[in-house]
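# Topology and contacts: notes
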Amino acid sequence: MILLVPRQTASNGWQIATPVMAVLATMVTGGLLFAIMGYDPVAAIRTIFWDPLFGPAASYSRPQLLIKAAPLILIASGLAIGFRAGIWNIGAEGQYIIGAITGAAVALALYPLEAWWLFPLMVLAGLAGGWAWGMIPALLRNWFGASEILVSLMLVYVAQRVAAWMAFGPMRNPEGMGFPGSRNLQQYPSAANPELIAGTGAHWGVVAAAVAVLATWVLMSRHIRGFHIRAAGTAPRAARFAGVSPTTLVAFCLGLSGALAGAAGLFEVAGPAGQITDNLGTGYGFTAIIVAFLGRLHPVGILLAGLLLALTYIGGELAQLTMSLPAATVQVFQGMLLFFLLGFDLLTRFRIRRRVRA
Amino acid sequence: MMIDPLSVFLLLLSAATPILFAALGELVAERAGVLNLGVEGMMITGALAGFAAAYATGNPFLGFLVAAIAGAVISMLFALLTQLFLANQVASGLALTLFGLGLAAMFGKPFEGVKAPPMPAGPLRINWIVWLGLIMVPLIWAFLNRSRAGLILRGVGENHEAAHALGYSVRLTRTAAIAFGGAMAGVGGAFISIATVLQWTEGMTAGAGWIALAIVVFSKWTAPGVLAGAWLFGGVTVLQLRLQAAGVAVPVQLLSMAPYLATILVLVIISARQKYSRRAGGGAPGSLGRNFHALR
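What counts, and where the lines are drawn
- Along each chain, residues carry numbers from 1 onward, in the same order as the chain's sequence is written.
- All chains are assigned letters beginning at A, and all ligands numbers beginning at 1, according to the order in which they are written.
- Confidence filtering applies because this is a predicted model: local features only for residues at pLDDT of at least 70, side-chain atom pairs given and counted only at 80 or more, and all residues used for totals across whole chains, interfaces and linings.
- Where side-chain values are given, they derive from all heavy atoms of the structure, hydrogens and water being excluded.
- Every helix listed is a DSSP run of H or I at least four residues long, and every strand listed is a run of E at least two residues long, numbered separately from the N terminus.
- Our radius of gyration looks at C-alpha atoms and nothing else; its globule reference is 2.2 Å times the residue count to the power 0.38.
- Here the term buried applies to any residue with accessible area under 20% of the maximum for its type, exposed to any over 50%, and partly exposed to those in between, with areas from a 1.4 Å probe on protein chains only.
- The contact rule is simple, with two residues in contact once any of their heavy atoms fall within 4.5 Å.
- Note on areas: Shrake-Rupley with a 1.4 Å probe; residue coverage comes only from the protein chains shown.
- Working convention for charge: Lys and Arg count positive, Asp and Glu count negative, and His plus the chain ends are omitted.
- The location of each charge is read from NZ of Lys, CZ of Arg, CG of Asp or CD of Glu.
- Interaxial angles span 0 to 180 degrees and are taken between N-to-C directions of axes, which are lines fitted to C-alpha atoms, for helices over the stretch in contact.
- Each angle receives one of four descriptions, namely roughly parallel if under 35 degrees, roughly antiparallel if over 145, roughly perpendicular if within 65 to 115, and oblique otherwise.
- For any pair of crossing helices, the crossing counts as left-handed if the nearer helix is rotated counterclockwise from the farther one by less than a right angle, and right-handed if it is rotated clockwise.
- By definition here, a salt bridge exists when the distance from a side-chain nitrogen of Lys or Arg to a carboxyl oxygen of Asp or Glu is within 4 Å.
- Residues are grouped as follows: Ala, Val, Leu, Ile, Met, Phe, Trp, Tyr, Cys and Pro are nonpolar; Asp, Glu, Lys and Arg are charged; every other residue, Gly included, is polar.
- Confidence of the predictor at the level of single residues is captured by pLDDT, which takes values from 0 to 100.
- Here the buried area means the combined drop in accessible surface, using a 1.4 Å probe, for two parts upon being joined, counting both sides.
- For the purposes of these results, a polar contact is taken to be a pair of N or O atoms within 3.5 Å, where, inside protein, one atom must be able to donate a hydrogen and its partner to accept one; residues adjacent in sequence count only when each atom of the pair is a side-chain atom.
- Candidate patch residues must exceed 30% relative accessible area and have no salt bridge, after which like charges are joined if within 9 Å and Val, Leu, Ile, Met, Phe, Trp or Tyr side chains if within 5 Å.
- The length a helix should cover is 1.5 Å for every residue beyond the first.
- Fitting axes to the seven residues that end at a residue and to the seven that start at it, the angle between those axes gives the bend at that residue.

## Thoughts on the overall build of chain A
Helices and strands together make up the secondary structure of chain A, namely 15 helices and two strands. Here chain A has a C-alpha radius of gyration of 21 Å; the compact-globule value for 358 residues is 21 Å, and the two agree. Based on the C-alpha atoms only, the size of chain A along its principal axes is roughly 80 × 55 × 35 Å. The 358 residues of chain A split such that 58% are buried. Of the contacts made within chain A by residues no fewer than 6 positions apart, 77% connect residues no fewer than 24 positions apart. Accessible area for chain A stands at about 15400 Å²; split by element, carbon and sulfur atoms hold 67% of it. Distance between charge centres in chain A, computed from 21 positive and 11 negative side chains, equals 23 Å.

## Let's talk about the overall build of chain B
Counting its secondary structure elements, chain B contains twelve helices and zero strands. Across chain B, helices and strands are ordered from the amino to the carboxyl terminus as α-α-α-α-α-α-α-α-α-α-α-α. Projected onto its principal axes, the C-alpha coordinates of chain B cover approximately 65 × 45 × 35 Å. Pairs at least 24 apart in sequence give 80% of the contacts found in chain B among residues at least 6 apart. When the accessible surface of chain B is summed, it comes to about 12000 Å², and 70% of that surface belongs to carbon and sulfur atoms. Counting 17 positive and 8 negative side-chain charges, chain B places the centres of these two groups 11 Å from one another.

## A short note on the packing of helix 7 (residues 148-168) of chain A against helix 12 (residues 258-276) of chain B
Axes are the key here: two packed helices are described by the angle between their axes and the distance separating the axes. Relative orientation of the contacting elements helix 7 of chain A and helix 12 of chain B amounts to 155°, with a least axis distance of 9 Å. As judged from the angle between their axes, helix 7 of chain A and helix 12 of chain B are roughly antiparallel. Note that helix 7 of chain A runs across helix 12 of chain B; the crossing there is left-handed. Judged by residue contacts, A:L150, A:V151, A:M154, A:L155, A:Y157, A:V158 and A:R161 of helix 7 of chain A engage B:Y260, B:L261, B:T263, B:I264 and B:L267 from helix 12 of chain B.

## Quick word on the pattern of salt bridges
All names here are of chain A. Taken as a whole and assessed by the stated rule, the structure comprises seven salt bridges over all chains. E175 serves as the salt-bridge partner of R183, at 3.4 Å between the closest nitrogen and oxygen. According to the relative accessible area criterion, R183 is buried, its value standing at 14%. The class of E175 is exposed, set by a relative accessible area of 58%. With a closest N to O distance of 2.7 Å, D345 and R296 form a salt bridge. You can see D345 sitting in the loop between helix 14 (329-344) and helix 15 (346-349) and its partner R296 sitting in the loop between helix 12 (284-294) and helix 13 (299-323), a full 49 residues away along the chain.

## Section: the packing of helix 1 (residues 5-31) of chain B against helix 9 (residues 208-218) of chain B
Residues and elements named next belong to chain B. Where helix 1 meets helix 9, the closest approach of the two axes is 8 Å, and the angle between their N-to-C directions is 55°. The pairing of helix 1 with helix 9 is recorded here as oblique in orientation. The handedness of the crossing between helix 1 and helix 9 comes out as right-handed. When helix 1 is examined against helix 9, the residues I19, A22, A23, E26, L27 and E30 are found in contact with a partner set consisting of A208, I211, A212, L213, I215 and V216. Residue composition of the contact of helix 1 with helix 9, by class: ten nonpolar, no polar and two charged.

## Details of the confidence of the model for chain A
Within chain A, residue pLDDT values average 89, and 99% of them lie at 70 or more. Predicted confidence in chain A is weakest over strand 1 (residues 2-6) of chain A, with a mean pLDDT of 79, and strongest over helix 6 (residues 118-144) of chain A, with 96.

## What to know about the interface of chain B and chain A
Taken residue by residue, the interface counts 47 residues in chain B and 44 residues in chain A. A buried area of about 3900 Å², summed over both sides, lies between chain B and chain A, and 82% of it is on carbon and sulfur atoms. Its largest share of buried area at the contact with chain A, chain B owes to B:L98, B:M106 and B:Q253, together 17% of the area lost on that side. In this assembly, chain B and chain A are joined by zero salt bridges. Joining chain B to chain A, the criterion identifies six residue pairs in polar contact (both at pLDDT 80 or more). For the side of chain B that touches chain A, the elements supplying multiple residues, two or more each, are helix 3 (60-84), helix 4 (89-108), helix 9, helix 11 (252-255) and helix 12 of chain B. Residues that form the side of chain B that touches chain A fall into these classes: 36 nonpolar, nine polar and two charged.

## Re a nonpolar patch on the surface
Judged by side-chain polarity, A:L110, A:L113, A:W116, A:W117, A:L121 and A:L124 come together as a nonpolar surface patch covering roughly 620 Å² of accessible area. With respect to the element layout, A:W117 can be found in the loop between helix 5 (92-110) and helix 6.

## Things to note about helix 3 of chain B
Residue and element names in this part refer to chain B. The end-to-end C-alpha separation of helix 3 is 35 Å, in line with the 36 Å expected for 25 residues at 1.5 Å each. The largest bend in helix 3 comes to about 30°, at F78. Directly beyond the C-terminal end of helix 3, a positive phi value near 55° is found at L86.

Structure representation (structure tokens):
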């Protein structure tokens, strides 16, 4: 018989080893899945995980890596802080959509003004929009005890409909000949979020993601609030006795993660996406949850996990083009990754011992 | 606008059924102490598997059976993670939802654009599955409150240490409850694809699984409460559709927010009452969301 003995503290070695094991297990299981579906498993895995970086089309797909990773890292950094404190913001997707809308609203309202301060103002509006959308579940939890999980999630569906309404109504491009969708911000120089260094894919969102990684690292390991967050997550009662206010933490964590998700939305709508459409939501908000867990809720881990999941997006698109794999394959891969990670996590929290007969 | 109360009630019954099934299943799981956020993933799996089976065999009832099995099978991933590997229930449930949505989208492609086989009308022109859902309410109530097995299940959910000490298997009870929840969510999802929309589209459950989770809170963890919550939700949905059809001067997109906003509103009212009422917990099972690990 096998016996699980809880560890006093989580094992550092396994903390690092389990995400790697989860990735390998996902590749093997994914390969099996492809084989069942009648694809060449080796070719499929290579197309997803290798070709975007080193294959023949890498010069096109490599810049995509930063474009896709930036929003994931930005959102996951915020989510991870809340998850550490046991505050579950599952609605980052909605905060992302609202941030994109409020940010774009500034540009659309001031069109065709050209000014250097327009883009910074849009970023602020994006942050504010995401923050406000994140504060709704925070306040409803603090005032009424409503589950932030369910409220933030319901607000994703509400945000999607706000985006559709905007695209068909108030924000519709007056020169768009009746088609839904706003003006294209990429064609509005003051409002655009262009590539900063040609050929890298790096736009302001990438810069913001780098700043977020650094800032959350400082917050979590060098700042008293980071200590409070970790304390509330591991020993809520003890934290309360030590004067940590749970309501402040809820507002802080949901507001911060909402703001970061909102900024990610703004960078996306002013850059790669270009306009407000009725399918503004891209699923980044949900994938970022996987990024946060795979990165062990640690800034550096999140950076690596964000790049890895960006790779699955790009590789998935490549596999769709070259091997006609279904588009949803990526989502299945991402789900499997989280499953394996949660399963292997057993090793970080328990020692496995053979049961000895007494 | 002509409103025929009977036809509105029939629409309400139909709109409430997917949520009713999913929420009843989640109710049983939560009474056993398991918080499974994978409802949406299990529903969409059932919606696809059921639709595929109904389409392939031409028999909608076989579709529902397959949907129940598919829901139960995929819920075992969650059971494996939380009961055997002792993973966090919130994260595992989310993983199940993300995985289920992806899996259904991946295997659903060939079924896009085909029609579900027609369902024979049940007694009083009400769908058989709607009847089944209504019958499940007293059955689950009786199981939880009037049967020995239900007593054990509640014991496991209320205090897993005590249940374990009495010699009941916490892990086995919870796994069975998770499987039942999965089967019910599967049937709920299949009702959308087979009986309501009559076709398969990606992401067609559109948050119904999350609303089901909210309705369990609304119900204060009782079966009649779940029925009331599902009907309330069904009422809001029908009302919203009626207003859309009547061409009210409000954008369609804003009207279609109504079910989600109503869910938030209900959640707030119920949570506030529970927060400020004298009885702590508001009816939530004592061990809800906590994993059990026997050291002996």
